Amino acid sequence: MKKLIALSLTMMLSFSLAACGSSDNSDSSQDSSSDQTDTASDDASDSAADKEDAGNESDSGSESGSPEDSDTAYVKDKGSLVIGITDFEPMDYKDADGNWIGFDADMAAAFAESLGVTAEFIEIDWDNKILELDGKTIDCVWNGMTLTDEVTSSMECSKPYCNNAQVVIIPADKADLYQDVESLSELNFAVEAGSAGEAQAKEHNLSYTPVKQQSGALMEVAAGTSDAAIIDSLMAAAMVGEGTGYENLTYTVGLNNEEYGVGFRKGSDLAAALNDFFAASYADGSMTACAEKYGVQAAVVQQ
């Protein structure tokens, strides 16, 4: 009997120990699973944090990259605004001392000063103005430039600042013979290559010879190597007729109406800066005063 009781107690104890072992293993398994879950959660959080940090760094990098793309910053860093021009009185031409003056030249110098840089003028081949601009040989084209479709699609342009027209230049003693577009068909014209004058010659199916500058077109007519020329009305008013270097020439037919603007590299922030400068200069009267100095005040566009 005692042996039976002892055997029973031994079996009960074994079952009890087995149950305790199972419970411990279960707890251990749960603890292990919990640890793994916590570790996975921590890893996921760390990964998300890393991605967020990387995103922030990317945003920061993008923001810090903006000034590098700024033409204003580029110009200020090198200390000069390089302006592409041609000899074009009364907009850009040299005085007796060889300094560039004119309505455009004076306004360009004032704009450069407002940026804290110096103005540097470079004569360019007008037909290559877009190449010069994109190649950073120059920073802008500021030379009585007509806002044609080609110009506005290739450059970041300012708002218009002057009205203009393309006019026909003819020897004064023949002016009575050429008073309308129909009468021009028999003439051979000199026009500046890549200019609005050349565009008008093409539009009206006129025979023409391209030259480097508008001033060259005037010389062609004066020398008799071309019958007529097509140039800007503002230039014609300053350089043709009584009291000018071309007293024997006059202008007759107006071919169109157009506007001048200043061109910068496509996407340049300098265009917006110049618009602000034009608005301020018009408001304080300095733009009008400059225009009056060169006799172009009637052409100035309100800003």
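Refer to the preceding data block for the structure.
Residues numbered from 1 in each chain as written. Predicted model: local features only at pLDDT ≥ 70, side-chain atom pairs only at ≥ 80, totals over all residues. Heavy atoms only, no water.

**Quick word on the environment of Glu 203**
The line we're drawing: Secondary structure elements follow DSSP: runs of H or I no shorter than four residues count as helices, runs of E no shorter than two count as strands, and numbering proceeds from the N terminus.
Within the element layout of this structure, Glu 203 appears in helix α6 (residues 196-203). For the pair Glu 203 and Leu 255, spaced 52 residues apart in sequence, the C-alpha separation works out to 9.9 Å.

**Points about the pattern of salt bridges**
To be explicit about the condition: Between Lys or Arg on one side and Asp or Glu on the other, a salt bridge is scored when a side-chain nitrogen of the former is within 4 Å of a carboxyl oxygen of the latter. Each residue is placed in one exposure class: buried if its accessible area under a 1.4 Å probe, protein chains only, is under 20% of its type's maximum, exposed if it is over 50%, and partly exposed if it falls in between.
Inspection of the entire model under this criterion finds four salt bridges. In this structure, Arg 265 engages Asp 71 in a salt bridge whose closest nitrogen and oxygen atoms are separated by 3.4 Å. Placement of the pair is Arg 265 in the loop between β13 (258-264) and α9 (270-283) and Asp 71 in helix α2 (residues 71-78), with a sequence separation of 194 residues. On the basis of relative accessible area, Arg 265 is assigned to the buried category, the value being 8%. For Asp 106, the salt bridge goes to Lys 293, with nearest N and O atoms at 3.5 Å. In this pair, Asp 106 is assigned in helix α3 (residues 103-115) and Lys 293 in helix α10 (residues 286-293), connecting sequence segments 187 residues apart. A residue is classified by how much of its surface remains accessible, and Asp 106, at 22% relative accessible area, is partly exposed. Classification of Lys 293 as exposed rests on a relative accessible area of 59%. Among the charged side chains, a salt-bridge network with shared partners connects Asp 71, Lys 78, Asp 139 and Arg 265.

**Side note on helix α7 (residues 214-223)**
For clarity, the cut-off: Here the arc refers to the directions that run from the helix axis out to each C-beta atom. By definition in these notes, contact holds between two residues if any of their heavy atoms fall within 4.5 Å.
Among the residues making up α7, those that are buried are Gln 214, Ser 215, Ala 217, Leu 218 and Val 221. Looking straight down α7, one finds that the buried residues subtend no more than 155 degrees of arc, so they occupy a single side. Exposed side chains of α7 directed beyond 90 degrees from the buried face belong to Met 219 and Ala 223. Lining the buried residues of α7 we find β8 (166-171), β9 (188-192), β10 (207-211), β11 (228-232), α8 (233-239) and β12 (249-254). Trailing α7 by a residue or two, Gly 224 shows a phi angle of about 85 degrees, which is positive.

**Let's talk about the sheet that holds β10**
For the record, the criterion: Two strands are said to pair when DSSP picks up at least two bridges between them. Axis geometry follows a simple rule: fit a line to the C-alpha atoms, using only the stretch in contact for helices, then measure angles between N-to-C directions, giving values from 0 to 180 degrees.
If you trace the five strands from one edge of the open sheet to the other, you get β10-β9-β11-β8-β12, paired in mixed fashion. Because the sheet does not close on itself, it has two edges, and the strands there are β10 and β12. Pairs of neighbouring strands in the sheet enclose a mean axial angle of 35 degrees, with direction left out of account. Direction of pairing for β8 relative to β11: antiparallel, over a ladder of four bridges.

**Concerning the packing of aromatic side chains**
The test is simple: The criterion for an aromatic pair is that two Phe, Tyr or Trp rings (for Trp, the six-membered ring) have centres within 6.5 Å, with stacked assigned to planes under 30 degrees apart, edge-to-face to planes over 60 apart and tilted to the rest. For a Lys NZ or an Arg CZ to count as sitting over a ring, it must be within 6 Å of the ring centre and within 35 degrees of the ring normal.
If you walk through the whole model with that rule in mind, you get nine aromatic pairs. Seen from their ring centres, Tyr 161 and Phe 278 are 5.4 Å apart, and the 40 degrees between their planes marks the pair as tilted. Here Tyr 161 is found in the loop between β6 (156-157) and β7 (162-164), whereas its partner Phe 278 is found in helix α9, with 117 residues between them in sequence. What makes Tyr 161 buried here is its relative accessible area of 1%. On the basis of relative accessible area, Phe 278 is assigned to the buried category, the value being 1%. Among the aromatic residues, those joined into a cluster by ring pairs are Phe 88, Phe 103, Phe 111, Trp 142, Tyr 161, Tyr 260, Phe 277 and Phe 278. The ring of Tyr 74 carries Lys 136 above its face, with NZ or CZ at 4.1 Å from the centroid.

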